[in-house]
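Descriptive analysis of the structure
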Amino acid sequence: MSQVRTRFAPSPTGYMHIGNLRTCLYEYLIARVNKGTFVLRIEDTDQERYVEGAMDAVFNTLALTGIGFDEGPGKEGDCGPYIQSQRRDIYKKYAEELVKKGHAYYCFCTKERLESLKGGDENLGAALNYDRHCRYLSQEEIEANLAAGKPYVIRQKMPTEGTTTFTDLVYGDITVDNKTLDDQVLLKSDGLPTYNFANVVDDHLMRITHVVRGNEYLSSTPKYNLLYQAFGWDIPTYIHCPPIMKDAHQKLSKRNGDASFLDLVEKGYLVEAILNYIALLGWSPAGNEEFFTLKELEEKFTLDGLSKSPAIFDIEKLRWMNGEYIRRMSPEDFRKAADKWLREGLGEKLSADEKVMSKVAALVQQRSVILSDIPERIGFLKDLPEYDTAIYCHKKMKTDEAISLSALKLCIPYLSSYSGPWASAELYGALCGLAGSSGLKNSQILWPVRTALSGLEVSPGGATELMELLGKEETLRRIEKGIELLETN
Ligand code: GLU
């Protein structure tokens, strides 16, 4: 078998949709499992749909995910250039070659004429948009029009009878009636190719062996095959993927913000978790394992695990997976991944202290589901929230507001004169000692202190962990504040 070459061919017409990323990932994995080559090609021939910044989104996404391409813009191989707008002459040459071979023709119809055909001509088949007027021009008419400098497009000459069959790896054999195929435009009047033409020429010239794309392209594939045949080129292996659905009825759409990869990252999902989850949207691994790093996927991905049933993008499942990824990270990796969110939650002063940053990271790692949960959970360290003294009452901890008040009052002189290390373990011993010598249970000191320091019913970290993080001065200030609130209540 010839060397496997796959390509990701995004059009810079918007952000990187989850569906695009899945296509990209599968193309990449097929190349990697087969020790082949993965090509990045930018399909920017539709100038009207060009969106500023969309190309950056592609490059950023690839850089973030670690999906590296072997050939593409900035990584020239022997098939470049890899940006379609820089390949104009190539498409023109091939379109003209098809005209010479009798598989395509010049069409001089004006916009107005084409407009007038829409829905008007009963001789047109239901699926046909063009009545093939120029297909039957004489050689003299064509030459006269060309000499007169009339603008033209080049159209594919579809067979008028018979059928075209192709095999898709996921959907099986598909046959269409040739008479339903439109004489589609290959080269536009501005000299640029249509997507339908450029992808065939480029896939051939770039020696692409496997084409993965969304199933919305299934209906165009017979037209592509007729082009391959007209040129006498080998047809690649087609792998069409089912749509990614929001629910049983609706496709995941651009209107739904969750459909964008970079938005998910912004929202605090880990790149590795998103990638893992996307890999499973349409592909089932051989065993029961669901967790795969990109490296593992590069070894385990199999074409026969692809399915044609639509995949539902289940945000709850992604959240779950993300939480699992967070728990499985090393403390150092989590600290790095959470950096931005820790800073946001702690504010400038606290986050300037690396020790505080890593300690807080350790406190929140186990219970975080997505990274963006972090700022809210740790914001109390920056600013003590307003709170109701009712949170001092806790049955299991055997405290109420009165007990808490006396416990906090004991803490002030005790901690003011405390000269041991201001570290959680030592402080814990010290506070338990204080409890013992005052006839209180440990919890009757620890719970009120934790509450006074956090102002929350539930906080990441216990009393002495928070004391260590906040430092002596702030600890005393918050305990004083607690006393004041409990006294005025
Ligand atoms: N440029 C097309 C798109 O972004 C690519 C489709 C294909 O992979 O052939 O939808």
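Residues numbered from 1 in each chain as written. Predicted model: local features only at pLDDT ≥ 70, side-chain atom pairs only at ≥ 80, totals over all residues. Heavy atoms only, no water.

Summed over the entire model, instances satisfying the criterion amount to zero disulfides. Among the cysteines around C134, which has no disulfide bond, C109 carries the closest sulfur, lying 3.6 Å off. On the basis of relative accessible area, C134 is assigned to the buried category, the value being 3%. The closest cysteine sulfur to the non-disulfide-bonded C241 is located on C24, 12 Å from its own sulfur. (Disulfide = S-S within 2.5 Å. Buried < 20%, exposed > 50% of the residue type's maximum accessible area, 1.4 Å probe, protein only.)

Further remarks concern the side chain of Q184. For Q184, the position within the fold is in the loop between β6 (172-177) and β7 (185-187). One polar contact links Q184 to Q156, side chain to side chain, over a distance of 2.6 Å. Here N196 takes part through its side chain, which lies 2.8 Å from a polar atom of the side chain of Q184. (Helix = DSSP H or I, 4+ residues; strand = E, 2+ residues; numbered from the N terminus. Polar contact = N/O pair within 3.5 Å; in protein donor to acceptor, adjacent residues only side chain to side chain.)

What follows covers the packing of aromatic side chains. Two numbers describe a pair of aromatic rings. These are the distance of the centres and the angle of the planes. Within this structure, the stated rule accounts for 21 aromatic pairs. For the pair F59 and F69, a centre-to-centre distance of 6.5 Å together with 55° between the ring planes defines the contact as tilted. Taken together, the positions of F59 in helix α2 (residues 54-65) and F69 in the loop between α2 and α3 (88-101) put the pair ten residues apart, joining distant regions of the chain. Take F59: its relative accessible area is 28%, and that puts it in the partly exposed class. In this structure F69 comes out as buried when scored by relative accessible area, which is 13%. Following the ring pairs from residue to residue traces out a cluster consisting of Y94, F197, Y228, F231 and W233. A cation over a ring is seen here: R450 above W447, with NZ or CZ 4.1 Å from the ring centre. (Phe/Tyr/Trp six-rings, centres within 6.5 Å; stacked < 30°, edge-to-face > 60°. Lys NZ or Arg CZ within 6 Å of the ring centre and 35° of its normal.)

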